[in-house]
Amino acid sequence: MKPNTQQLSDLTIQVRRDILRMVHAVNSGHPGGSLGCTEFLVTLYQNIMDRKEGFDMNGIGEDLFFLSNGHISPVFYSVLARSGYFPVSELATFRLLNSRLQGHPTTHEGLPGVRIASGSLGQGLSVALGAAQAKKLNNDKHIVYTLHGDGELQEGQNWEAIMYASAKKVDNIIATIDLNGKQIDGTTDEVLPMGSIRAKFEAFDWDVLEIKEGNSIDAILAGLNDAKSRTGKGKPVCILLHTEMGNGVDFMMHTHAWHGKAPNNDQLANALAQNISTLADY
(Lines give C-alpha, C1' and ligand atoms only; values in the text may rest on other atoms or scores of the structure.)
Protein backbone atom coordinates (compact mmCIF):
# COMPACT_ATOMS: atom_id res chain seq x y z
CA MET A 1 0.00 0.00 0.00
CA LYS A 2 1.34 3.40 -0.97
CA PRO A 3 1.19 6.04 1.77
CA ASN A 4 -1.67 8.53 1.60
CA THR A 5 -1.25 12.30 1.55
CA GLN A 6 -1.36 12.61 5.34
CA GLN A 7 1.31 9.96 5.76
CA LEU A 8 3.47 11.70 3.16
CA SER A 9 2.97 14.98 5.01
CA ASP A 10 3.95 13.41 8.33
CA LEU A 11 7.10 11.95 6.79
CA THR A 12 7.92 15.30 5.19
CA ILE A 13 7.87 16.98 8.60
CA GLN A 14 10.11 14.31 10.07
CA VAL A 15 12.56 14.63 7.18
CA ARG A 16 12.69 18.39 7.82
CA ARG A 17 13.65 17.65 11.41
CA ASP A 18 16.36 15.29 10.20
CA ILE A 19 17.78 17.93 7.88
CA LEU A 20 17.88 20.60 10.56
CA ARG A 21 19.44 18.36 13.19
CA MET A 22 22.02 16.93 10.79
CA VAL A 23 23.42 20.27 9.67
CA HIS A 24 23.24 21.73 13.20
CA ALA A 25 25.18 18.84 14.72
CA VAL A 26 28.24 19.51 12.55
CA ASN A 27 27.64 23.25 11.92
CA SER A 28 27.89 22.48 8.22
CA GLY A 29 25.70 21.61 5.26
CA HIS A 30 22.98 22.94 3.00
CA PRO A 31 19.56 23.21 4.67
CA GLY A 32 17.88 25.71 2.30
CA GLY A 33 17.62 23.67 -0.87
CA SER A 34 17.14 20.48 1.13
CA LEU A 35 14.05 21.88 2.86
CA GLY A 36 12.73 23.20 -0.45
CA CYS A 37 12.85 19.75 -2.07
CA THR A 38 11.59 17.70 0.88
CA GLU A 39 8.02 17.24 -0.33
CA PHE A 40 9.26 16.29 -3.80
CA LEU A 41 11.75 13.63 -2.73
CA VAL A 42 9.43 12.14 -0.11
CA THR A 43 6.65 11.83 -2.68
CA LEU A 44 8.97 10.48 -5.38
CA TYR A 45 10.45 7.71 -3.22
CA GLN A 46 7.38 6.83 -1.20
CA ASN A 47 4.66 7.00 -3.83
CA ILE A 48 5.90 7.36 -7.41
CA MET A 49 9.01 5.30 -8.03
CA ASP A 50 8.84 1.57 -8.67
CA ARG A 51 11.60 0.35 -6.34
CA LYS A 52 12.89 -3.08 -5.40
CA GLU A 53 13.69 -4.24 -1.89
CA GLY A 54 17.37 -3.77 -1.16
CA PHE A 55 19.85 -2.06 -3.44
CA ASP A 56 22.09 -2.97 -6.33
CA MET A 57 23.96 -0.60 -8.61
CA ASN A 58 22.60 -2.11 -11.84
CA GLY A 59 19.03 -1.17 -10.94
CA ILE A 60 17.54 -3.58 -13.46
CA GLY A 61 13.78 -3.86 -13.35
CA GLU A 62 13.18 -0.75 -11.24
CA ASP A 63 13.04 3.02 -11.54
CA LEU A 64 16.26 4.92 -10.86
CA PHE A 65 16.97 8.33 -9.34
CA PHE A 66 20.07 10.50 -9.79
CA LEU A 67 20.67 13.58 -7.62
CA SER A 68 22.65 16.09 -9.66
CA ASN A 69 22.71 19.00 -7.19
CA GLY A 70 24.49 16.88 -4.61
CA HIS A 71 24.88 19.63 -2.02
CA ILE A 72 21.30 18.95 -0.88
CA SER A 73 22.54 15.65 0.49
CA PRO A 74 20.77 16.10 3.88
CA VAL A 75 17.32 15.61 2.33
CA PHE A 76 18.60 12.81 0.09
CA TYR A 77 20.14 10.89 2.99
CA SER A 78 17.08 11.33 5.20
CA VAL A 79 14.67 10.14 2.49
CA LEU A 80 16.91 7.18 1.64
CA ALA A 81 17.16 6.13 5.27
CA ARG A 82 13.45 6.52 5.92
CA SER A 83 12.75 4.56 2.72
CA GLY A 84 14.68 1.60 4.08
CA TYR A 85 18.04 1.84 2.32
CA PHE A 86 20.11 2.08 5.51
CA PRO A 87 19.45 2.58 9.24
CA VAL A 88 17.92 5.91 10.23
CA SER A 89 20.38 6.02 13.14
CA GLU A 90 23.22 6.45 10.64
CA LEU A 91 21.98 9.99 9.93
CA ALA A 92 23.81 10.95 13.13
CA THR A 93 27.14 10.42 11.29
CA PHE A 94 26.47 13.12 8.67
CA ARG A 95 29.70 14.83 7.56
CA LEU A 96 31.81 13.11 10.21
CA LEU A 97 35.22 11.61 9.44
CA ASN A 98 34.96 8.12 7.96
CA SER A 99 31.17 8.41 7.61
CA ARG A 100 29.34 7.03 4.59
CA LEU A 101 27.25 10.24 4.68
CA GLN A 102 29.68 12.78 3.32
CA GLY A 103 28.72 16.37 2.54
CA HIS A 104 28.25 15.46 -1.09
CA PRO A 105 27.17 11.91 -1.95
CA THR A 106 29.89 9.59 -3.17
CA THR A 107 29.90 5.95 -4.22
CA HIS A 108 33.15 4.59 -2.80
CA GLU A 109 31.65 4.48 0.72
CA GLY A 110 29.07 2.00 -0.61
CA LEU A 111 26.04 3.83 0.77
CA PRO A 112 22.88 2.08 -0.47
CA GLY A 113 20.76 4.30 -2.68
CA VAL A 114 23.63 6.43 -3.98
CA ARG A 115 24.41 5.66 -7.62
CA ILE A 116 26.78 8.51 -8.53
CA ALA A 117 29.13 10.92 -6.84
CA SER A 118 27.52 14.35 -7.15
CA GLY A 119 28.66 17.72 -5.99
CA SER A 120 30.45 19.08 -9.02
CA LEU A 121 27.32 20.52 -10.60
CA GLY A 122 26.09 19.93 -14.13
CA GLN A 123 26.97 16.26 -14.51
CA GLY A 124 23.91 14.39 -13.25
CA LEU A 125 21.87 14.50 -16.44
CA SER A 126 24.71 13.10 -18.52
CA VAL A 127 25.05 10.09 -16.22
CA ALA A 128 21.29 9.58 -16.04
CA LEU A 129 21.00 9.58 -19.82
CA GLY A 130 23.51 6.75 -19.99
CA ALA A 131 21.41 4.78 -17.50
CA ALA A 132 18.23 5.54 -19.44
CA GLN A 133 19.75 4.34 -22.70
CA ALA A 134 21.03 1.20 -20.97
CA LYS A 135 17.44 0.47 -19.89
CA LYS A 136 16.30 0.81 -23.48
CA LEU A 137 19.02 -1.60 -24.66
CA ASN A 138 17.94 -4.07 -21.96
CA ASN A 139 14.25 -3.69 -22.86
CA ASP A 140 13.66 -2.44 -19.32
CA LYS A 141 10.55 -0.24 -19.37
CA HIS A 142 11.31 1.57 -16.12
CA ILE A 143 11.94 5.30 -15.77
CA VAL A 144 15.03 7.30 -14.81
CA TYR A 145 14.41 10.37 -12.64
CA THR A 146 16.82 13.25 -11.99
CA LEU A 147 16.83 16.40 -9.87
CA HIS A 148 18.76 19.58 -10.68
CA GLY A 149 19.07 23.06 -9.23
CA ASP A 150 18.06 26.03 -11.34
CA GLY A 151 21.42 27.69 -10.68
CA GLU A 152 23.04 24.46 -11.84
CA LEU A 153 21.68 25.12 -15.34
CA GLN A 154 24.20 27.95 -15.63
CA GLU A 155 26.76 25.20 -16.28
CA GLY A 156 27.25 24.24 -19.91
CA GLN A 157 27.41 20.45 -19.72
CA ASN A 158 23.70 20.43 -18.88
CA TRP A 159 22.87 21.88 -22.27
CA GLU A 160 24.97 19.34 -24.13
CA ALA A 161 23.04 16.61 -22.31
CA ILE A 162 19.70 18.35 -22.93
CA MET A 163 20.49 18.53 -26.64
CA TYR A 164 21.61 14.88 -26.70
CA ALA A 165 18.50 13.62 -24.91
CA SER A 166 16.07 14.93 -27.49
CA ALA A 167 18.30 14.13 -30.47
CA LYS A 168 18.52 10.48 -29.37
CA LYS A 169 14.83 10.35 -28.30
CA VAL A 170 15.61 9.33 -24.73
CA ASP A 171 11.98 9.27 -23.71
CA ASN A 172 12.30 7.22 -20.52
CA ILE A 173 13.78 10.06 -18.46
CA ILE A 174 12.08 12.71 -16.31
CA ALA A 175 14.38 15.58 -15.32
CA THR A 176 13.08 17.87 -12.57
CA ILE A 177 14.45 21.39 -12.14
CA ASP A 178 14.14 22.90 -8.67
CA LEU A 179 13.08 26.45 -9.53
CA ASN A 180 13.58 28.30 -6.27
CA GLY A 181 15.27 31.26 -7.95
CA LYS A 182 18.17 31.29 -5.46
CA GLN A 183 21.75 30.11 -5.27
CA ILE A 184 24.69 30.59 -2.95
CA ASP A 185 25.52 34.18 -3.95
CA GLY A 186 22.00 35.56 -4.39
CA THR A 187 19.10 35.14 -6.75
CA THR A 188 19.69 33.36 -10.03
CA ASP A 189 18.74 36.57 -11.83
CA GLU A 190 21.43 38.47 -9.93
CA VAL A 191 24.12 35.86 -10.55
CA LEU A 192 23.36 34.96 -14.18
CA PRO A 193 19.87 35.50 -15.65
CA MET A 194 18.73 32.52 -17.69
CA GLY A 195 15.55 33.92 -19.22
CA SER A 196 12.74 31.43 -19.76
CA ILE A 197 13.93 27.97 -18.76
CA ARG A 198 10.72 26.53 -20.17
CA ALA A 199 11.37 28.12 -23.56
CA LYS A 200 14.93 26.81 -23.55
CA PHE A 201 13.90 23.21 -22.87
CA GLU A 202 11.13 23.44 -25.47
CA ALA A 203 13.62 24.82 -27.99
CA PHE A 204 15.69 21.69 -27.36
CA ASP A 205 12.53 19.64 -28.12
CA TRP A 206 11.71 18.43 -24.61
CA ASP A 207 8.17 17.87 -23.33
CA VAL A 208 7.87 20.38 -20.48
CA LEU A 209 5.34 20.65 -17.66
CA GLU A 210 5.28 22.81 -14.55
CA ILE A 211 4.36 22.16 -10.95
CA LYS A 212 3.45 25.64 -9.74
CA GLU A 213 3.02 24.56 -6.11
CA GLY A 214 6.23 22.62 -5.70
CA ASN A 215 5.84 22.32 -1.93
CA SER A 216 2.34 20.84 -2.16
CA ILE A 217 2.26 17.06 -1.97
CA ASP A 218 -1.02 16.91 -3.90
CA ALA A 219 0.41 19.09 -6.68
CA ILE A 220 3.59 17.02 -6.79
CA LEU A 221 1.63 13.77 -7.03
CA ALA A 222 -0.45 15.14 -9.89
CA GLY A 223 2.59 16.55 -11.69
CA LEU A 224 4.71 13.42 -11.39
CA ASN A 225 1.88 11.19 -12.58
CA ASP A 226 1.34 13.55 -15.52
CA ALA A 227 5.06 13.37 -16.32
CA LYS A 228 5.00 9.56 -16.20
CA SER A 229 2.12 9.52 -18.68
CA ARG A 230 4.24 11.52 -21.14
CA THR A 231 7.17 9.09 -21.21
CA GLY A 232 7.63 6.64 -24.08
CA LYS A 233 6.41 9.11 -26.69
CA GLY A 234 9.67 10.07 -28.34
CA LYS A 235 10.66 13.04 -26.16
CA PRO A 236 12.48 13.44 -22.84
CA VAL A 237 10.30 14.99 -20.14
CA CYS A 238 11.16 18.01 -17.98
CA ILE A 239 9.34 19.14 -14.84
CA LEU A 240 9.77 22.75 -13.71
CA LEU A 241 9.21 22.50 -9.96
CA HIS A 242 8.53 25.88 -8.31
CA THR A 243 9.71 25.61 -4.70
CA GLU A 244 10.61 27.88 -1.79
CA MET A 245 14.12 27.52 -0.42
CA GLY A 246 13.98 26.79 3.32
CA ASN A 247 10.33 25.76 3.13
CA GLY A 248 8.76 24.87 6.48
CA VAL A 249 11.00 27.14 8.56
CA ASP A 250 9.77 30.73 8.44
CA PHE A 251 13.11 32.48 9.00
CA MET A 252 14.84 30.40 6.31
CA MET A 253 12.30 31.20 3.60
CA HIS A 254 12.39 34.02 1.01
CA THR A 255 16.17 34.39 1.22
CA HIS A 256 19.29 32.72 -0.15
CA ALA A 257 21.07 33.15 3.21
CA TRP A 258 20.42 29.55 4.29
CA HIS A 259 21.74 27.94 1.11
CA GLY A 260 24.79 26.66 2.97
CA LYS A 261 24.55 27.78 6.61
CA ALA A 262 23.66 25.74 9.69
CA PRO A 263 21.33 27.04 12.43
CA ASN A 264 22.69 27.81 15.90
CA ASN A 265 21.13 26.33 19.04
CA ASP A 266 18.35 28.90 19.37
CA GLN A 267 17.57 28.82 15.66
CA LEU A 268 17.41 25.02 15.72
CA ALA A 269 14.98 25.07 18.62
CA ASN A 270 12.83 27.61 16.77
CA ALA A 271 12.88 25.57 13.56
CA LEU A 272 12.07 22.29 15.30
CA ALA A 273 9.20 23.95 17.15
CA GLN A 274 7.70 24.72 13.74
CA ASN A 275 8.01 21.05 12.76
CA ILE A 276 6.76 18.93 15.65
CA SER A 277 7.98 15.34 15.44
CA THR A 278 5.57 13.04 13.60
CA LEU A 279 7.55 9.80 13.70
CA ALA A 280 10.74 9.55 15.74
CA ASP A 281 14.01 11.46 15.67
CA TYR A 282 17.15 9.48 14.98
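Model, not experiment: these values are computed from the prediction.

Participant: Explain the side chain of Thr38 to me, please; I cannot follow it from the model alone.
Facilitator: Within the fold, Thr38 resides in helix α3 (residues 38-48). Ignoring any residue separated from it by four or fewer positions in sequence, one finds Thr38 in contact with Thr12, Val15, Arg16, Ile19 and Val75.

Participant: It is not clear to me how the pairing of strand β6 (residues 207-211) should be interpreted in this structure. Could you clarify?
Facilitator: Every regular strand shows the same layout, with side chains that alternate between the two sheet faces. Where β6 and strand β7 (residues 237-242) come together, five bridges link them in parallel fashion. Bridged to Val208 within β7 is Cys238.

Participant: Would you take a moment to explain the pairing of strand β1 (residues 64-67) for this structure?
Facilitator: Judged by which residues are buried, β1 turns out to be covered on both faces: Leu64 and Phe66 on one side and Phe65 and Leu67 on the other are all buried. In this sheet, strand β2 (residues 144-149) lies alongside β1 in parallel orientation, the contact comprising four bridges. Looking at β2, one finds that Leu64 is bridged to Val144.

Participant: It is not clear to me how helix α6 (residues 156-167) should be interpreted in this structure. Could you clarify?
Facilitator: Note that an α-helix has 3.6 residues per turn; residues three or four places apart therefore point the same way. Here α6 is 12 residues long and its end C-alpha atoms lie 17 Å apart, about the 16 Å a rise of 1.5 Å per residue gives. Structurally, α6 contributes buried residues whose contacts are with α5 (124-137), β2 and α8 (197-203).

Participant: Quick question: what am I supposed to make of the packing of aromatic side chains here?
Facilitator: Within the structure shown, the criterion is met by nine aromatic pairs. Measuring from centroid to centroid gives 5.5 Å for Trp159 and Phe204, while their planes differ by 50°, and the two rings are tilted. With Trp159 in helix α6 and Phe204 in the loop between α8 and β6, the pair connects residues that are 45 residues apart, well separated along the chain. In textbook terms, an aromatic cluster arises when at least three aromatic residues are bridged by ring pairs, as seen for Tyr45, Phe55, Phe65, Phe76 and Tyr85.

Participant: Is there a simple way to explain the sheet that holds β7 in this structure?
Facilitator: Neighbouring strands of a sheet are bound in pairs by backbone hydrogen bonds; such pairs are parallel or else antiparallel. Here five strands make up an open sheet; going across it, the order is β1-β2-β3-β7-β6 and the pairing parallel. Each edge of the open sheet carries a strand with a single partner, namely β1 and β6. Ignoring strand direction, the axes of neighbouring strands in this sheet form an average angle of 20°. Pairing analysis gives six bridges linking β2 to strand β3 (residues 173-179), with the strands arranged parallel. Bridging from a neighbouring strand, His148 pairs with Ile177 of β3.

Participant: Can you help me understand the pattern of salt bridges in this one?
Facilitator: Proximity of charged atoms lets side chains of opposite charge pair with each other. The final tally for this structure, using the stated rule, is 14 salt bridges. The salt bridge involving Arg100 is made with Glu90; its shortest N-O contact spans 2.8 Å. Of the two residues, Arg100 sits in the loop between α4 (73-82) and α5 while Glu90 sits in the loop between α4 and α5, which places them 10 residues apart along the sequence. Since its relative accessible area comes to 26%, Arg100 is described here as partly exposed. In this structure, Arg198 engages Glu210 in a salt bridge whose closest nitrogen and oxygen atoms are separated by 3.1 Å.

So, how was this worked out
Residues numbered from 1 in each chain as written. Predicted model: local features only at pLDDT ≥ 70, side-chain atom pairs only at ≥ 80, totals over all residues. Heavy atoms only, no water. Helix = DSSP H or I, 4+ residues; strand = E, 2+ residues; numbered from the N terminus. Contact = heavy atoms within 4.5 Å. Pairing = 2+ DSSP bridges. Buried < 20%, exposed > 50% of the residue type's maximum accessible area, 1.4 Å probe, protein only. Expected span 1.5 Å × (residues − 1). Phe/Tyr/Trp six-rings, centres within 6.5 Å; stacked < 30°, edge-to-face > 60°. Axes fitted to C-alpha atoms, helices over the stretch in contact; angles between N-to-C directions. Salt bridge = Lys/Arg side-chain N within 4 Å of Asp/Glu carboxyl O.

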